[in-house]
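# Examination of the molecular architecture
Below, each chain spelled out in residue letters.
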Amino acid sequence: MLGWELPPHNSGGLGVACLNLSKSLANMGADIDFVVPYEAEHNLEYMKVISAMRLDPLIRYGGAYESKEIEVKKFHKTDTKQTVSIRDIQKTYCEFIHKYLMQYKPDVVHAHDWLTYEAGILAKKHFGIPLVAHVHATEFDRGGADGGNPLIHQIEYEGLIWADKIIAVSQATKNIIVERYGIPPSKIDVAYNGWTMPDEEYHYDGSSYQYLEGLKKKGYTIVSTVGRFTLQKGLFHLMRAAARAISIHPKMVFLFAGDGEQKEQLMRMSADLGISQNVIFTGFIRGKQLRDIYSISDVFVMSSVSEPFGLTALEAAHHGNALIVTKQSGVGEVLHSIVRYDFWDEDKLAGALVNIAESPALVNSLRDGIKHEYARISWDDVAKKCVEVYDEVRKHKRNRF
Amino acid sequence: MRSIVLYLHMHQPWRLKHYNIFSVDHDHDYWTEKDWYAGTNNERIFKKVADKSYRPMLARLEKCINTYEGFKFSLSITGTFLDQAEQWAPDVIDTLKRLVKSGRVEIVAETYYHSLAFFYDREEFEAQVKLHQDRIYELFGVRSKVYRNTELSYNNELARWADGYGFKGVLAEGWDKILEWRSPNFVYRPEGCKNIKLLMKNYRLSDDVAFRFSDKHWKEWPLTVDKYIQWLEAATLRGPLINLFMDFETFGENIWEDTGIFEFFEHLVYRWDRDKDNNFLTVSEACDSAEPTAEISMPWTVTWADTERDLSAWLGNSMQHEAMKAIYDIKSEVLATGDETLIEDWRRLQTSDHPYYMCTKYFNDGDVHAYFSPYDSPYDAFLYYMNSLRDMRGRLEGVTKPKRSKK
């Protein structure tokens, strides 16, 4: 398996998904070597984590998103180059995979997202190993409809072309792959991400946000959203809908948890709309502070313009939130007890917010309903799907090449 | 004598358009969907179903009435259906008038608005039964003698009410849990009633046509008239009355014309009528045909819906309860206005289809498409419903207080 991150060295959902999927696959008898582009102790009994290079986990993303080179901290373990970009890391990763495949012949190479597709193509092209490309997100999701980095588009496209089979995390993602990359639908299977109960103990004690607790007692409804403040998340629509909702039902507070390039614009916008009293920016948070956001809020909104899956929605549901999710978010395809809207439909979002704030029956229906749903979504089902796909592509394996 | 008691139900609700929160207080028209192709466009749907089902099936029924002297049947037609038919398919009403005039088509009583008022407000319920009776008299010149409640919902209390009102019969689902070892093919007496009689739907034979006829995975598919007649005759060994109760739209809308359902029906009437031991009865005639065999008690409410045969599709979750409570809570204020449009809107919102669209119970079986709804989700149905109620409360305030100044 070719990946870029595993918890705790993860920056987002990709690492969580890779870890849980591997665990379920291993339980089903899969023998997994998981290659990561950095050096760290993982100590997982169910699979072997292999480091492709000596690199500190913190810099493996290099300058992918800034497209400039960054300084490497001079750890004595790190490879000798003075500077690395993500392209350098990918190149070293590919060289490692090449060496690895001279020695081992896996039945299938399962590559997660564009970061590892070049290595996957190498395995397919030069070693005849069947390639499964797992799409957690496309560059069209990350960069907005027509934007994105052309180089990444190119790599993504080639990976999808070379793959024997593609696994997409939602129908929405599959549609993008079909429509934007022109891949035949029959080559793509949908396997929704799963959900695992968090292992560690967590108790909400109300200490993190006492101001909000006070507002709640006064009858305020707390609405939250969590994520990067980027184009992909559709937050301007959410802000305008918030203003419309507050004009009808003033006792509402909106929590914007996260950070990103749109932060200042969003703050200005809330002032222009005259609702800055009702909007709270938490800045970037993680751990208990993040969990507490989910605990204190009544409603969670996922306003994304394009969201391949959206694990945060499941997290919010787990903490008893009613969910409002755009129709452009993959997670909405597997949940029924949610309100869905088109990301541009500010009126519908505002209407849903007002109704939820004013109707205990609606909140309870959404909350109770979702409890039966999110826990049913299991990683074992994703693993089963992967095994089916493996069985299908295994016959493509060529021993003499 | 072996008798088929055929009873068909005709209903169309007024679907709420996608009525968003920003329409509240200035748009009081909840029913006119501008988008012709929207699932909530009442006119389009009525005209579509009229073409696919009402017109072709009524034509067959009329042909059967004219051809076979012994053919008779019963119909229940809701007020909301009649109002829509008058606007969008007046010829359907003309055909119904001719059928009733033949004297062999009986109209069954029910609430005008196909509502659940019986379970919420007895006074409003009786008002709706009277409205329906009057409308039927005005259009067809007859008064109904047999009662059916919305979705065939029935319990002992309903039977006692119908008995006291003076109906000669009442219809209910012939559900196994109530009948136990008994057959639905007899006339029964509801427990604690003096005069009224109870007719119970033979759901197996009814559903063979209404649900299974077009099901190619059914082991009896295709259902031929020969086979069905054999089943009917075998069933009469357990009592003389075969109560076939179904939705009118079974013919042409739920089961499409290309399955041969119309031909099946016509041929069935021909074959049944041909045998001297067979006849057709209307529901009143069926009630008169025999003295009650035994008493039947239904302490809880039974309907003709779902495998549960209860009201859980309408009143199974908290949204449905809240919506229904909210609509009946404003009754006295609404009626006090004397404003006909307002009262009409309020009553249209009582139609049982509204809470039905809010049903969430199928989420548990994962059978999301088991329930037809013009909305994307039950939550959307609830949102639009509560928005319209908000507007209605605003209208009520406007009647008693000077209009608020809006920004």
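Since the model is a prediction, treat every value here as computed from it, not as a measurement.

## Re the domain arrangement of chain A
All names here are of chain A.
- Split into domains, chain A comes out as domain 1 (13-194 + 379-394) and domain 2 (210-374).
- Taking only C-alpha atoms, the centre of domain 1 and the centre of domain 2 are 31 Å apart.
- Listed per partner, the contact involves 15 residues of domain 1 and 12 residues of domain 2.
- Elements that contribute at least two residues to the side of domain 1 that touches domain 2 include exactly helix 1 (13-27), helix 4 (139-143) and helix 6 (171-181).

## Re the pairing of strand 11 (residues 279-283) of chain A
Residues and elements named next belong to chain A.
- Here four bridges tie strand 10 (residues 252-257) to strand 11, and the two strands are oriented parallel to one another. By the bridge assignment, F256 is partnered in strand 11 with F281.
- For the crossover from strand 10 across helix 9 (residues 263-272) to strand 11, the handedness is right-handed.

## Quick notes on the sheet that holds strand 8 (residues 188-190) of chain A
All names here are of chain A.
- Here four strands make up an open sheet; going across it, the order is 5-6-7-8 and the pairing parallel. Each edge of the sheet is formed by a strand with only one pairing partner; in this case those strands are strand 5 (109-112) and strand 8. With strand direction ignored, the average angle separating the axes of adjacent strands in the sheet is 25°.
- Taken together, the four bridges between strand 6 (residues 131-135) and strand 7 (residues 165-168) define a ladder with parallel strand orientation. Its bridge partner being in strand 7, V135 is matched across the sheet by A168.

## As for the environment of H134(A)
Residues and elements named next belong to chain A.
- Relative to the helices and strands, H134 is located in strand 6.
- H134 sits in the buried class, given 27 other C-beta atoms within 10 Å.
- Note: C-alpha distance between H134 and I166 (32 residues apart in sequence) is 5.9 Å.
- For H134, the residues in contact, after removing those within four places along its chain, are H110, A111, H112 and I167.

Criteria and thresholds
Residues numbered from 1 in each chain as written. Chains lettered and ligands numbered in written order. Predicted model: local features only at pLDDT ≥ 70, side-chain atom pairs only at ≥ 80, totals over all residues. Domains from an automatic or database assignment. Contact = placed C-beta atoms within 7 Å. Helix = DSSP H or I, 4+ residues; strand = E, 2+ residues; numbered from the N terminus. Pairing = 2+ DSSP bridges. Right-handed = clockwise from strand over helix to strand, strands pointing away. Axes fitted to C-alpha atoms, helices over the stretch in contact; angles between N-to-C directions. Buried ≥ 20, exposed ≤ 12 C-beta atoms within 10 Å, placed from the backbone.

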